[in-house]
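Analysis of the macromolecular model
Each chain, written out:
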Amino acid sequence: MIDYHVHTRLCNHAEGIMQDYILKAIEIGLEEICFLDHLTLQDQGKGLSMTPGEVPFYFQAVQMLKKKYAVQIDVKAGLEIDFSEAHVDMAADIAGTYAFDVIGSSVHFPDGVDIVRRRSAWRNEDNYKDIDIDRVYGQYYETLARMLDYSYFDIICHFDLVKKFGRKPSRSFDEKIIEILKKVKQKNLTIELNTSGYHHAAEESYPAPDIIKKCKDFGISFALGSDAHNPQSVGRYFDKAFQLLQEAGYKEIAVFNKRKKSVISIDYSKAVR
Ligand SMILES: [Zn+2]
Ligand SMILES: [Zn+2]
């Protein structure tokens, strides 16, 4: 099986050396691992991601490890680019300069609201009452929809990340989600089944099981990623991911080589962890 979303110390908030992520992947029997480290162009200097100047070093480091472990596992190189309308050209430029296998795109700061970091007001219980949850959800999905107007990426990372801290909206966003999924299908993009949500207050996968079923109805392909920020988390909760994919009727999963998508069949009898 594959893990298409692991980080490195270059993003300043992950632990362990790159080699240890690969060794963990080999240990649990994965056939492919893809580094998808952060590139957050709008927030340079805040230590959230590698800098544009570090991209060549990162790319070369993955290529070296790819060679070193070629017999045991297929090591791939990608980026998780943080969507920022003001930086789309730069993102496309960086994505196109190196022979990356896959580019993921994600929304971490809809309209400037930080929905990911531990110190975020969105997480803090004390600020809970002061935050209009529905408004933040609305902004999140609006931003995700706008992201789909651009074409610098292949995978949408953690589709419904806005639920990370367990905040629940008072109304359904299904209509907007369907509109987004239609766009995803039109552009032949892949959505990531990201298992890190089981470790967050959200306590479920990204996207939620009902969205996975909607994706199946639309014929949208899935990639699979743990979003590991340390070597021990490679392939974490994949047993749950396989169960969800099987329940939704998926028989294949997407893989990428130099930005070209293909599919491999899922062997449900070989569950990983
Ligand atoms: Zn991260
Ligand atoms: Zn992310």
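Everything here concerns the structure above.
What counts, and at which threshold
Residues numbered from 1 in each chain as written. Chains lettered and ligands numbered in written order. Predicted model: local features only at pLDDT ≥ 70, side-chain atom pairs only at ≥ 80, totals over all residues. Heavy atoms only, no water. Helix = DSSP H or I, 4+ residues; strand = E, 2+ residues; numbered from the N terminus. Rg over C-alpha atoms; globule rule 2.2 N^0.38 Å. Contact = heavy atoms within 4.5 Å. Areas by Shrake-Rupley, 256 points an atom, 1.4 Å probe, with all protein chains shown as cover. Lys, Arg positive; Asp, Glu negative; His and termini not counted. Charge placed at Lys NZ, Arg CZ, Asp CG, Glu CD. Buried < 20%, exposed > 50% of the residue type's maximum accessible area, 1.4 Å probe, protein only. Arc of directions from axis to C-beta. Donors = N, O, S within 2.8 Å, 3.2 Å for Na, K, Ca; no water. Pairing = 2+ DSSP bridges. Right-handed = clockwise from strand over helix to strand, strands pointing away. Core = buried A, V, L, I, M, F, W, Y, C linked by side-chain atoms within 4.5 Å. Salt bridge = Lys/Arg side-chain N within 4 Å of Asp/Glu carboxyl O.

Points about the overall build of the chain
A tally of regular secondary structure across the chain gives seven helices and nine strands. Scaling as 2.2 N^0.38, a compact globule of 273 residues should have a C-alpha radius of gyration of about 19 Å, and the chain matches this with 17 Å. Expressed as lengths along the three principal axes of its C-alpha atoms, the size of the chain is roughly 55 × 45 × 35 Å. Taking as baseline every contact in the chain between residues at least 6 positions apart, the subset at least 24 positions apart corresponds to 75%. Working note: accessible area of the chain is about 12,100 Å², and carbon and sulfur atoms make up 48% of it. Side chains of the chain give 36 positive and 40 negative charges; the mean places of these two sets differ by 2 Å.

Concerning helix H6 (residues 209–218)
Owing to its 3.6 residues per turn, the α-helix aligns residues three or four sequence positions apart on the same side. Those residues of H6 that fall on the buried side of the exposure criterion are Ile211, Ile212, Lys214 and Cys215. Across the axial projection of H6, the buried residues extend over an arc of 160 degrees, all falling on one side. Buried residues along H6 sit against helix H5 (174–186), strand S6 (190–194), strand S7 (221–225) and helix H7 (238–248). Two residues or fewer past H6, glycine 219 is found with a positive phi of approximately 75 degrees.

Thoughts on the coordination of the zinc ion (ligand 1)
The coordination sphere of the zinc ion (ligand 1), as far as protein atoms go, consists of His13 (NE2), His38 (NE2) and His229 (NE2), spread over 2.0 to 2.1 Å. Expressed as a motif, the donor residue spacing for the zinc ion (ligand 1) is H-x24-H-x190-H. A spacing of 5.3 Å is found between the zinc ion (ligand 1) and the zinc ion (ligand 2). Of this pair, histidine 13 sits in the loop between strand S1 (2–6) and helix H1 (18–27) while histidine 38 sits in strand S2 (residues 32–39), placing them 25 residues apart in sequence. On the basis of relative accessibility, which here comes to 37%, the residue histidine 13 falls in the partly exposed class. For histidine 38, a relative accessible area of 7% puts it in the buried group.

Considerations on unusual backbone geometry
Going from tyrosine 206 to proline 207, the amide bond is cis rather than trans, its omega being -5 degrees. The backbone of histidine 158 shows a phi angle near 25 degrees, a positive value even though the residue is not glycine. Residue placement: histidine 158 occurs in the loop between strand S5 (155–156) and H5. The backbone of arginine 259 sits at a positive phi, close to 70 degrees, despite the residue not being glycine. Residue placement: arginine 259 occurs in the loop between strand S8 (252–257) and strand S9 (260–265).

A short note on the environment of alanine 254
Following the sequence through the fold, alanine 254 ends up in strand S8. Of the residues examined, alanine 254 reaches a relative accessible area of 0% and is grouped as buried. For the pair formed by alanine 254 and methionine 90, sequence separation is 164 residues and the distance between their alpha carbons is 26 Å. Excluding its chain neighbours within four sequence positions, the residues that come into contact with alanine 254 are Ile2, Thr190, Ser221, Phe222, Ala223, Lys261, Ser262 and Val263.

Things to note about the pairing of S7
Most of S7 is tucked away, with five of its five residues classed as buried. Along S7, one buried face is formed by Ser221, Ala223 and Gly225 and the opposite face, lined by Phe222 and Leu224, is buried too. When S6 meets S7, the two strands line up parallel, connected through five bridges. In the sheet register, threonine 190 faces S7, and the bridge partner there is serine 221. What joins S6 to S7 is H6, and the crossover it makes is right-handed.

Things to note about the environment of alanine 121
Position of alanine 121 among the secondary structure elements: in the loop between strand S4 (102–106) and helix H4 (133–147). Each C-alpha atom, one on alanine 121 and one on isoleucine 131, is 8.4 Å from the other, the two residues being 10 residues apart in sequence.

Here we look at the coordination of the zinc ion (ligand 2)
Taken together, the protein donors to the zinc ion (ligand 2) comprise Glu80 (OE), His108 (NE2) and His158 (NE2), at separations of 2.1 to 2.3 Å. Positions of the donor residues of the zinc ion (ligand 2), expressed as sequence spacing, correspond to E-x27-H-x49-H.

Focus on the nonpolar core
Within the largest apolar cluster, 93 residues are counted, with the highest numbers of intra-cluster contacts made by Tyr141, Ile156 and Phe159. Here this core gets eight residues from one element, more than from any other, and that element is H4.

Focus: the pattern of salt bridges
Following the criterion strictly, the structure yields 13 salt bridges and no others. With a closest N to O distance of 3.5 Å, glutamate 27 and lysine 24 form a salt bridge. You can see glutamate 27 and its partner lysine 24 sitting in helix H1, three residues apart, about one turn around the helix. A cluster of three or more residues bridged by salt bridges with shared partners is formed by Glu32, Lys66, Asp74 and Lys76.

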